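Each chain, letter by letter, is given below.
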Amino acid sequence: MGVVRLGKLALRWCFECNLPILESKECGTCNSETNEVRLTPPGDVRPAFDEELRLIRAQIDGQFGSGCGKELVPEDKIVVLNRAPALDRMDEIIMDGRVLGALRYDPGERYKVILRMHAAQAIEKNLTKNWVIVDPGAVNPIMKGANALCVGITDAHPDIAFGDEAVVLDPDKNVIALGKAMLPGKEMVGNKGVGVKTRWHGREEVSLLPSGRTWEDAISANSWFFEKKVPKAIQFIKRVVEREDKEVACSFSGGKDSLATLLLALDAGLSPKILFVDTGLEFEETKSHVDEIAKMFDLEVVKENAHDAFWENVPNFGPPGKDFRWCCKSCKLGPTVRLISKHFPDGVVSLIGQRAYESEQRAKKGRIWENPWVPGQLGVSPIQDWTALHIWLYIFSKKVPYNIWYERGLERIGCFMCPASDMADLEIVKSYSSSYEKWGRFLSDFADDKGYPKEWLEFGLWRWRKLPAGMLDLVERKGIDLKGREKKPPPEGQGRIEFLSAEGYQPCEGGVSIEGVFTRNLDMVRISNLMNILGDVSYDDKTNSCSIANVDVFGEGGMVVRGKDEKDTKKLMNDVRDTIVRAHLCIGCGICTGRCDEGALKLDEQVYLDEEKCIHCGECLGPCPVIGYGDREFEF
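Just so it is clear, the structure is predicted and the values come from calculations on it, not from any experiment.

(A) Region of interest: a nonpolar patch on the surface. A cluster of nonpolar residues, Leu-149, Val-151 and Val-194, forms a patch on the protein surface that exposes about 260 Å² of accessible area. Following the sequence through the fold, Leu-149 ends up in strand S10 (residues 148-149).

Below, the structure is given as structure tokens:
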């Protein structure tokens, strides 16, 4: 996975107090110099809650032996986590100012802990699993980075499986390397080739730092944050409110970022209305939390409800995806438009808990923006440059309740089946919420209807229309066939093709997009050919999809068009839609060939394109007798 930088890496550590420090080079408690913690970007660190710590300890015990979890991660130390890029979910585990390793979740394989050298050394006396012992002659080469060859392995734990995390020991049972087992433990001794492909090697210093620290101590040590960064955010809110002279509200989702934003507004002396959109896919705990906070601070809650919009339309659009978020339009944008127009006809300054560290789109968005699809709403984010740990320190300092789902292990809270969720997150949801049962049944029925294999559900492949590279590699390794079965062709004489679309601003990601679906499978060979009218086309036979700039079309009938401008995005959508309809229903009249001065359009029963001659001028996209299809725009 590529490195993503969305802001500066803010985490530092005071080794004297053994506390996390944000940004400041000086500890607010002991005034000693702090040290930078080397993290994987983007560095949106957060506290490790009890459930996550239990999972980490249990996984360490399972891999390396009973008692190793508490030995490495005791209960009286502060631990923070850093979400790192991965195929699914991976969190770096940070304690005592160093990265101990990472807890990684892989689809189909669940969790695995990947330790660093100093962490493995800390548990070497308790190590009873996944060990490999080498002879004296192999120690020095391995300490310098060589792999552990079978010829040098004298013993190995018999339960080691291929791909397990293995600890390489010298004859005195000291850790000298860590890596991936390339053979089962029973086959390493006396075999040929590589037994363990090493990732980390050499001994490191294992330092013992003070224990017994609490988050109250961390709040005191981060005095710079409370003396400068918090007041700066409060002053920003005051300036914007004074300048705009409009009613002020706080968009409250029930998550930590909107809670921190609301608390800042209260510190600014405001009593904003709370805006809550019930997407119809909310956790019950989230709705209760919104009411709890409103009652605590005696604030009015203005609500709008999407009701059953998702369930009414998912049979037509199919499961939403990371790259096909029609649900945001129906469940979030539509109700938001209704809420603002109904309650704030003269406009509203809407304080929103948006942060740059959440995504590249939000990093580019800035602190103040207007939503082109929600007239009258001015979005304002006072926490744009805050990390998650800034947010949590501020919330902890206020001693206010927060959403219980954070305690259960979710990093972000939204719709219970959001396609942006990792499989690890969805597994947590299944464990605690009965809401997922209905969605699981729908996915199972949908897969049966389409002829998709069980892996489509098991690996969460429903979360994309066009699989990213990492998931494509997984599909190929597992030999998964995702072609499914064709939709039944329409009866004779009923060849109309209907198109349903949902368009608007993307509340979750930013930018403008239009998601649509045709009521028939698409002939991607013809579409890939004729789409060259609009631009250079790339075709992906693995996903049976084709793309031009900002447009993806999928063989099962889906289409997504992205852009920054509403007008241009809609024009592009219309052009793509018309081209697809022409490709399917062409009657060979030849009208369009007469409009092509380059001679790129040819006729052979149906029109086709000579791609070498086409200059993408679009002149051929004029009147056509087949453009009379049914077309329904998704109703908010």
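(B) Fine view of the sheet that holds strand S14 (residues 194-201). Read across the open sheet, the six strands follow the order S10-S14-S13-S12-S9-S11; overall the sheet is mixed. What marks the edges here is a single partner per strand, and that holds for S10 and strand S11 (153-156). Summarising the sheet, strand S13 (residues 175-181) and S14 pair through five bridges and their orientation is antiparallel. For Lys-180, the partnering residue across the bridge sits in S14 and is Lys-197.

(C) Region of interest: empty space enclosed by the protein. Inspection of every chain in the model, using the stated rule, returns three cavities of 30 Å³ or more. Reported here for the largest cavity is a volume of approximately 160 Å³. Together, 19 residues line the largest cavity, and Arg-582, Cys-586, Cys-592, Val-607 and Cys-624 are the ones closest to its centre. Split into classes, the residues belonging to the lining of the largest cavity amount to 15 nonpolar, two polar and two charged. Space inside the second largest cavity adds up to approximately 90 Å³.

(D) Local environment of the pattern of salt bridges. The final tally for this structure, using the stated rule, is 41 salt bridges. Across the pair Asp-96 and Lys-77 runs a salt bridge, and its minimum N-O distance is 2.9 Å. Pair noted here: Asp-96 is in the loop between strand S6 (89-95) and strand S7 (98-106) and Lys-77 is in the loop between helix H2 (68-72) and strand S5 (79-83), with a separation of 19 residues, a long-range link. Among the residues examined, Lys-77 registers a relative accessible area of 14% and is labelled buried. Here Arg-355 ties to Asp-257 by a salt bridge, and the two come within 3.1 Å at their closest N and O atoms. In this pair, Arg-355 sits in the loop between strand S18 (348-351) and helix H12 (360-365) while Asp-257 sits in helix H8 (residues 256-267), placing the two residues 98 residues apart along the sequence. On the basis of relative accessibility, which here comes to 2%, the residue Arg-355 falls in the buried class. Using a relative accessible area of 7% as the deciding quantity, one classes Asp-257 as buried. What you see here is one network of salt bridges that share partners, running through Arg-46, Glu-52, Arg-83, Arg-89, Asp-91, Glu-411, Asp-422 and Asp-425.

(E) Geometry of the pairing of strand S27 (residues 601-604). Here S27 pairs with strand S28 (residues 606-609) via four bridges, running antiparallel. Residue pairing for S28: Leu-601 is matched across the bridge by Leu-609. Between S27 and S28, which pair antiparallel in sequence order, lie one residue; one of them, Glu-605, sits at a positive phi of approximately 70 degrees.

(F) A look at unusual backbone geometry. For the bond running from Pro-41 to Pro-42, omega is 10 degrees, close enough to zero to count as cis. Position of Pro-42 among the secondary structure elements: in the loop between strand S3 (35-36) and strand S4 (46-47). Backbone geometry places Asn-31, a non-glycine residue, at a positive phi of 65 degrees. Relative to the assigned elements, Asn-31 resides in the loop between strand S2 (19-22) and S3.

(G) Examining the packing of aromatic side chains more closely. Counting across every chain of the model gives 25 aromatic pairs. Ring centres of Phe-416 and Tyr-436 lie 6.4 Å apart, and the angle between their planes is 75 degrees; this geometry places the pair in the edge-to-face category. With a gap of 20 residues between them, Phe-416 in the loop between helix H13 (388-398) and helix H14 (423-432) and Tyr-436 in helix H15 (residues 435-450) connect regions that are remote in the sequence. Taking the relative accessible area as the measure of exposure, Phe-416 reaches 5% and is therefore buried. For Tyr-436, a relative accessible area of 8% corresponds to the buried category.

(H) Region of the structure containing the sheet that holds S18. Spatially, S17-S16-S15-S18-S20-S19 is the arrangement adopted by the six strands of the open sheet, whose pairing is mixed. The open sheet has two edge strands, strand S17 (301-305) and strand S19 (368-370), and neither has a second partner. Across the sheet, the mean angle from the axis of one strand to that of its neighbour is 30 degrees, orientation sign disregarded. Bridge count between strand S15 (residues 247-251) and strand S16 (residues 273-278): three bridges; the pairing is parallel. Across the sheet, the residue bridging to Ser-251 is Leu-275, located in S16. With respect to the sheet, H8 is in contact with S15, S16 and S18, its orientation differing from that of S15 by roughly 150 degrees. In this fold helix H9 (residues 284-296) packs onto S16 and S17, with an angle of close to 170 degrees to the strand it touches most, S16.

Thresholds, definitions, all that
Residues numbered from 1 in each chain as written. Predicted model: local features only at pLDDT ≥ 70, side-chain atom pairs only at ≥ 80, totals over all residues. Heavy atoms only, no water. Patch = residues over 30% accessible without salt bridge, like charges linked within 9 Å, V, L, I, M, F, W, Y side chains within 5 Å. Areas by Shrake-Rupley, 256 points an atom, 1.4 Å probe, with all protein chains shown as cover. Salt bridge = Lys/Arg side-chain N within 4 Å of Asp/Glu carboxyl O. Helix = DSSP H or I, 4+ residues; strand = E, 2+ residues; numbered from the N terminus. Pairing = 2+ DSSP bridges. 1 Å grid on protein atoms, 1.4 Å probe; cavity = no way out; pocket = protein on both sides within 12 Å on 5 of 7 lines; lining within 4 Å. Points joined across faces, edges and corners; volume = space filled by probe spheres on them. Nonpolar A, V, L, I, M, F, W, Y, C, P; charged D, E, K, R; others polar. Buried < 20%, exposed > 50% of the residue type's maximum accessible area, 1.4 Å probe, protein only. Phe/Tyr/Trp six-rings, centres within 6.5 Å; stacked < 30°, edge-to-face > 60°. Axes fitted to C-alpha atoms, helices over the stretch in contact; angles between N-to-C directions. Contact = heavy atoms within 4.5 Å.

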